[in-house]
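Given next are the chains, with one letter for each unit.
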Amino acid sequence: MSQITKKVLYHIQKKGRGYVFCAKDFLKISHRNTLDKLLHRLNIKGTIRDIGWGLFDYPIIDRESSGYKPPSITAIIRALQVQFNDKFQYSGEYAAYYFRLIDNPPKNIVYLSNNRTKNIDICSYKIKIKKTFIPTSINKEDKATLAIQAIIFIGKNNITREDMSKIFSLLEDKDVNKLKKLVRFAPVWISNYLNQYI
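The structure contained in this document is the topic of the report that follows. (Residues numbered from 1 in each chain as written. Predicted model: local features only at pLDDT ≥ 70, side-chain atom pairs only at ≥ 80, totals over all residues. Heavy atoms only, no water.)

1. Examining the nonpolar core
Across soluble globular proteins, nonpolar side chains show a tendency to be buried alongside one another.
Then, in step 1: Membership of the largest hydrophobic core comes to 43 residues, with the highest contact counts inside it found for Leu55, Ile127, Ile167 and Leu194.
Then, in step 2: Breaking this core down by element, the ones donating at least two residues are helix H3 (73-84), helix H4 (92-98), strand E8 (118-122), strand E9 (125-131), helix H5 (143-154), helix H6 (161-169), helix H7 (173-182) and helix H8 (188-194).
Then, in step 3: It is H5 that contributes the most residues to this core, seven residues altogether.
Then, in step 4: Excluding residues that lie within four positions of it along the chain, Leu55 makes contacts with Val20, Phe21, Cys22, Arg49, Asp50, Ile76, Ala79, Leu80, Gln83 and Ile122.
Then, in step 5: Core analysis: the next-biggest nonpolar cluster, separate from the first, contains 14 residues, Val8, Leu9, Ile12 and Phe56 among them. (Core = buried A, V, L, I, M, F, W, Y, C linked by side-chain atoms within 4.5 Å. Buried < 20%, exposed > 50% of the residue type's maximum accessible area, 1.4 Å probe, protein only. Helix = DSSP H or I, 4+ residues; strand = E, 2+ residues; numbered from the N terminus. Contact = heavy atoms within 4.5 Å.)

2. Comments concerning the state of the cysteines
As used in these notes, a disulfide is a covalent bond between sulfur atoms, one from each of two cysteines.
Then, in step 1: For the structure shown, the criterion picks out zero disulfides.
Then, in step 2: Of all cysteine sulfurs, the one in Cys123 lies closest to Cys22, which takes part in no disulfide; the gap is 14 Å. (Disulfide = S-S within 2.5 Å.)

3. Comments concerning the packing of H5 against H7
Then, in step 1: Following both chains from N to C, one finds H5 and H7 inclined at 55°, their axes separated by 8 Å at the closest point. Taken together, the axis directions place H5 and H7 in an arrangement best described as oblique. The element H5 and its partner H7 pack so that their crossing is right-handed. Between H5 and H7, the contacting residues are Lys143, Ala144, Thr145, Ala147 and Ile148 on the first element and Asp175, Lys178, Leu179 and Leu182 on the second.
Then, in step 2: Among the residues making up the contact of H5 with H7, the classes are represented as five nonpolar, one polar and three charged. (Axes fitted to C-alpha atoms, helices over the stretch in contact; angles between N-to-C directions. Parallel < 35°, antiparallel > 145°, perpendicular 65-115°, else oblique. Left-handed = near helix turned anticlockwise from the far one by under 90°. Nonpolar A, V, L, I, M, F, W, Y, C, P; charged D, E, K, R; others polar.)

Set out below in structure tokens:
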């Protein structure tokens, strides 16, 4: 076994079963072409599993069925961000739920990106990466960005003062300061509406 293979395997096994990754996660260890061939060999051996879109996982073994369990959506999203060199933000529906403007969590998995829209079917998950005009943050729970997404989701004719009170009750001073910078990227109606509060 080569030193490169040992280093890659050490990193994977250290993360534990359920870890999802792509070749780009190991660029500090070796070149992309070498990594692609290495991961392909490990997949053929059954050490790791090719789950599509250039991603692999160190599969969780299902003791009852002797098969594999799917990795978590969080693990998949992390790897997709590395693979696409992108940053995703939670959708407007999640943002509305985060601020308790709606009662139920979203049923569909939608994330926002500053790049083109993608529909990804992976490990029984149907994920939509949707283009947004708001700069996305590496922190998915960046509350300033979530606030704007929540307002967009509720809509111009439906957002109420009570909704705004719920949003601002969860914002800290640093979030409000960031919100002041982000309003210039928002539609005019949102900028005008938020300027009444900030």
